[in-house]
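# Overview (structure and organization)
So the chains spell out like this:
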Amino acid sequence: MKIVEVKHVQLRLPLKSPFVTSYGVLKEKALDLYLLYDEAGNQGIGELVSFEVPDYIEETIENSRHVIHNFLFPLLGQTDIYHPKDVWQLFQGIQGNYMAKSALETAVWDLYAKRQKRSLVTYFEETRQVLPVGVSIGIQPSISQLLKIVQDYVAQGYQRIKLKIKPNQDYEPLTAIRQQFPELLLMADANSAYSWEDLPLLQRIDTLNLAMIEQPFHQRDFVMHQQLQKRLHTPICLDENIRSLEDVQTAYALGSCRSINLKIPRVGGITEALRIVDFCKEKGLIVWLGGMFESGVGRALNLQFASQSIFQFPGDISGSDRYYYEDIIMNPAKVVAGTLKVPKGEGIGVKLDWTTIERYTYSSNKFLL
Ligand code: OSB
Ligand code: MG
């Protein structure tokens, strides 16, 4: 198949409440949609998830667009694509910019599946239709507000709670949750806020029976994470560190972690994510699916991918009503008893809600490739 035309839509969705992490506050989520069309007019949809500020990782949404429009479009437009995995090879000469690559690569997967009138799940092994899901909670202004929020999510059935932490906003809030919910699957995400001097803080939360501690140290560090993992009972999970299979292999060889937060966009798309899944299966690393505040589009993709039975640990795949007032797809998935259903239908299995999209759109363009 050939990609002949692209529609690019830029939008911002306001968050129901600001999301506070160790590195900043997010009030609205910018995201772009890339709609790819083949010569027969079939459409594939991809979501660009990068942030406006380079505070989570270095890639920003403007960088991503620059790379997509100037370097990835020319590659895509000149090529006959036989399989979506070809796109991974096609983009190998472009370094980094994983989220940019993923926006197009996942759209090609969607397009390919739609051409074959197949759901995306049919390209994966051992899939399920109903998935256990978790929720990620930002740093809260007070323990009482935190407990209210946790109670609410637990009542909705969420099967795992992840709390954002930073030095000295860690032991107390986590202990408060643990006391009220002794059996809850609970974990913490530091987004690189700690350094080796904070070892005593991390040893304190090591006593709270957490399922894992995500990304305590710097996003390019593997060695100090290994030193830390040796001293903690709690598994370390890496997020920002992992951009490719090679990063997972490095972490595994060193013993820097026991778990991987896999985000399709952070590793450049489905093809690389599948390579990582294979490696984790072979080595017995825990792998689970993370999130990037996706709209219904990216969320549907995440559900398709997380249908693989290796994803036993509940991921950061919540109902979109957890973040947004309205979604940009028809029939957004709702959490029932702590589970979400994998959308049925061709490709990622969603239809766009253009009325809502247009309300949040600030720019849109068409490109002939
Ligand atoms: O560190 O996992 C993270 C969201 C955006 C960027 C980074 C992270 C997160 C989350 C929330 O923790 C994930 C989600 O619910 O989409
Ligand atoms: Mg994280």
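Fair warning: this is a prediction, and the values are worked out from it, not measured in the lab.

Now for the overall build of the protein chain. Of the regular secondary structure elements, the protein chain holds eleven helices and 13 strands. Scaling as 2.2 N^0.38, a compact globule of 369 residues should have a C-alpha radius of gyration of about 21 Å, and the protein chain matches this with 20 Å. Counting only C-alpha atoms and orienting by the principal axes, one finds that the protein chain spans roughly 60 × 40 × 35 Å. In the protein chain, buried positions account for 59% of the 369 residues. Intrachain contacts of the protein chain at a sequence separation of at least 6 include 73% that bridge at least 24 residues.

For an interface, size is often stated in terms of accessible area lost upon the parts coming together. Taken domain by domain, the protein chain comprises domain 1 (3-117 + 351-361) and domain 2 (121-341). Between the C-alpha centres of domain 1 and domain 2 there is a distance of 22 Å. Between domain 1 and domain 2, the contact holds 42 residues from the first and 44 residues from the second. Roughly 3,800 Å² of surface becomes buried between domain 1 and domain 2 when both sides are summed, with 65% attributable to carbon and sulfur atoms. Among the residues domain 1 hides against domain 2, the three largest losses belong to Lys16, Phe19 and Tyr56. Together they make up 19% of the total. Inspection of the domain 1/domain 2 interface yields two salt bridges. Residue Arg359 pairs with Glu326 through a salt bridge whose shortest N-O separation is 2.6 Å. Run the count over domain 1 and domain 2 and you get 21 residue pairs in polar contact (both at pLDDT 80 or more).

It is worth spelling out the site of ligand 1 at this point. Contacts to ligand 1 come from 16 residues, most closely from Lys164, Asp189, Asn191, Phe293 and Tyr323. Within the side chain of Lys164, one N or O atom sits 2.9 Å away from an oxygen atom of ligand 1. One of the side-chain N or O atoms of Asp239 is found 3.1 Å from an oxygen atom in ligand 1. If ligand 1 stood free it would expose 380 Å²; the protein chains cover 100% of that surface. Considering only residue class, the shell around ligand 1 consists of five nonpolar, four polar and seven charged.

What follows concerns helix α7 (residues 223-231). His225, Gln226, Leu228 and Gln229 are the residues of α7 that are buried. Summarising the axial view, the buried residues of α7 lie within an arc of 165°, below the 170-degree limit, and thus occupy one face. Buried residues along α7 sit in contact with α6 (199-205), β9 (236-238) and α8 (245-254).

How each quantity is defined
Residues numbered from 1 in each chain as written. Chains lettered and ligands numbered in written order. Predicted model: local features only at pLDDT ≥ 70, side-chain atom pairs only at ≥ 80, totals over all residues. Heavy atoms only, no water. Helix = DSSP H or I, 4+ residues; strand = E, 2+ residues; numbered from the N terminus. Rg over C-alpha atoms; globule rule 2.2 N^0.38 Å. Buried < 20%, exposed > 50% of the residue type's maximum accessible area, 1.4 Å probe, protein only. Contact = heavy atoms within 4.5 Å. Domains from an automatic or database assignment. Buried area = accessible area lost by both parts, 1.4 Å probe. Salt bridge = Lys/Arg side-chain N within 4 Å of Asp/Glu carboxyl O. Polar contact = N/O pair within 3.5 Å; in protein donor to acceptor, adjacent residues only side chain to side chain. Near = heavy atom within 4 Å. Areas by Shrake-Rupley, 256 points an atom, 1.4 Å probe, with all protein chains shown as cover. Nonpolar A, V, L, I, M, F, W, Y, C, P; charged D, E, K, R; others polar. Arc of directions from axis to C-beta.

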